[in-house]
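One-letter residues, chain by chain:
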Amino acid sequence: MPGMETEMPGMAPVKPLLRALTGEAVWPPPMWLMRQAGRYLPEYRALRAQAGDFITLCTTPEMAAEVTLQPVRRYGMDAAILFSDILMVPWAMGQPLRFAEGEGPVLQPVRDAAAIGALDPSVCAANAAPIMETVRLTREALEAHGSRTALIGFAGSPFTVACYMVEGHGSRDFAAVRGMAYADPALFGRLIRTLVEATTDYLLAQAAAGAEALMLFDSWAGLLSPSQFRRWVIEPTALLVRAIRKTRPEIPIIGFPRLAGPLLAEYAQRTGVQCLGIDTGMDLRWAAGAVQPGQALQGNLDPLALVAGGMALETEARSILGAMRGRPFVFNLGHGIEKVTPPEHVAALVRLVRAG
């Protein structure tokens, strides 16, 4: 049952998130939070300790599905987002990866033609089969309870994933990858094309397993100059979106080019994503005026306002709601939830947004 569709062909979606992503001004707006399933929740920490290591948690379907569902059970979010990691794509292509305690991801750097040639995009989806099983289990659990909660699959966009693959770890400026893009654009372009191919197959496999929407995270897009942004963020994303649409034209795609600034409008126009994730630093009213009226926006509460709670949280959330009333919108954060966030602050935010 590809996609596990529960609605008749031609019917408008009934899930609030899918309605918003397809251009409807749903109110109160649907909401979910980036990194909503994770280390700020005690139930996550307990399961993480049981798994032993992060890759095992991501590739054990029963555990990963449970983590995906935890915030839905606790808060009644309008979307469950697959619990996984953007670096599972290079891992599935054969790049050695581990997650060091307190350090984050550590990869064997890919910096020459031989290293790129050793990657095999054709086996990415097959090697990621446990992740697809997580998608299936999660969608089945949601549908078994008649849930109006949509399931979002995701991947990192090619540039952001390349940042980690070339650098070998996290970084504040990713100088090695940006240097490669300038000094040897042919070599870097080969890596990006490899990632486009692998990511297309990976996302289509998620859609076939039951994901109802897809999201592309380009967390480091804002590091690039305008010309480099166009070449390494917009162009590969447009290729990905077109490739997915050939097979699954009904699947809405959310693009999150973090810190894109004024290039957001060009990204929206040229990539063809249905929804734009907006980072904390961008004015939502400006973003709304820079894109087409029917373009859905998603964002952009400061995660630290959620940590603070109280009047600060209420003021920021109400400002966002006031700016977005009357247009297609998904309430979310402008970046991932912080691990020190009190769970009761998330519950307070859900109540506030539900009240409109």
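- The protein is annotated in an unreviewed UniProt entry as Uroporphyrinogen decarboxylase from Siccirubricoccus deserti.
- The heading Catalytic activity (unreviewed entry) in the UniProt record of the protein holds the text "uroporphyrinogen III + 4 H(+) = coproporphyrinogen III + 4 CO2".
- The Subunit (unreviewed entry) comment attached to the protein in UniProt states, word for word, "Homodimer."

**Points about the packing of aromatic side chains**
- Per the stated rule, a full pass over the model turns up ten aromatic pairs.
- Centre to centre, the rings of Tyr-164 and Phe-174 are 5.2 Å apart; their planes meet at 70 degrees, and the pair counts as edge-to-face. A residue pair is termed long-range when its members are at least 10 positions apart, and Tyr-164 in helix H9 (residues 158–167) and Phe-174 in the loop between H9 and helix H10 (175–183) qualify at ten residues. An identical accessibility class is assigned to Tyr-164 and Phe-174; each is buried.
- Taken together, the ring pairs connect Tyr-44, Phe-54, Phe-83 and Phe-99 into an aromatic cluster.

**Thoughts on the pairing of strand S3 (residues 104–107)**
- When strand S2 (residues 97–100) meets S3, the two strands line up antiparallel, connected through four bridges. Pairing of Leu-97 across the sheet is with Leu-107, part of S3.
- The hairpin turn running from S2 into S3, its antiparallel successor, is three residues long, and Gly-102 in that turn takes a positive phi close to 80 degrees.

Calculation criteria
Residues numbered from 1 in each chain as written. Predicted model: local features only at pLDDT ≥ 70, side-chain atom pairs only at ≥ 80, totals over all residues. Heavy atoms only, no water. UniProt positions renumbered as here; feature names shortened; annotations may be inferred. Phe/Tyr/Trp six-rings, centres within 6.5 Å; stacked < 30°, edge-to-face > 60°. Helix = DSSP H or I, 4+ residues; strand = E, 2+ residues; numbered from the N terminus. Buried < 20%, exposed > 50% of the residue type's maximum accessible area, 1.4 Å probe, protein only. Pairing = 2+ DSSP bridges.

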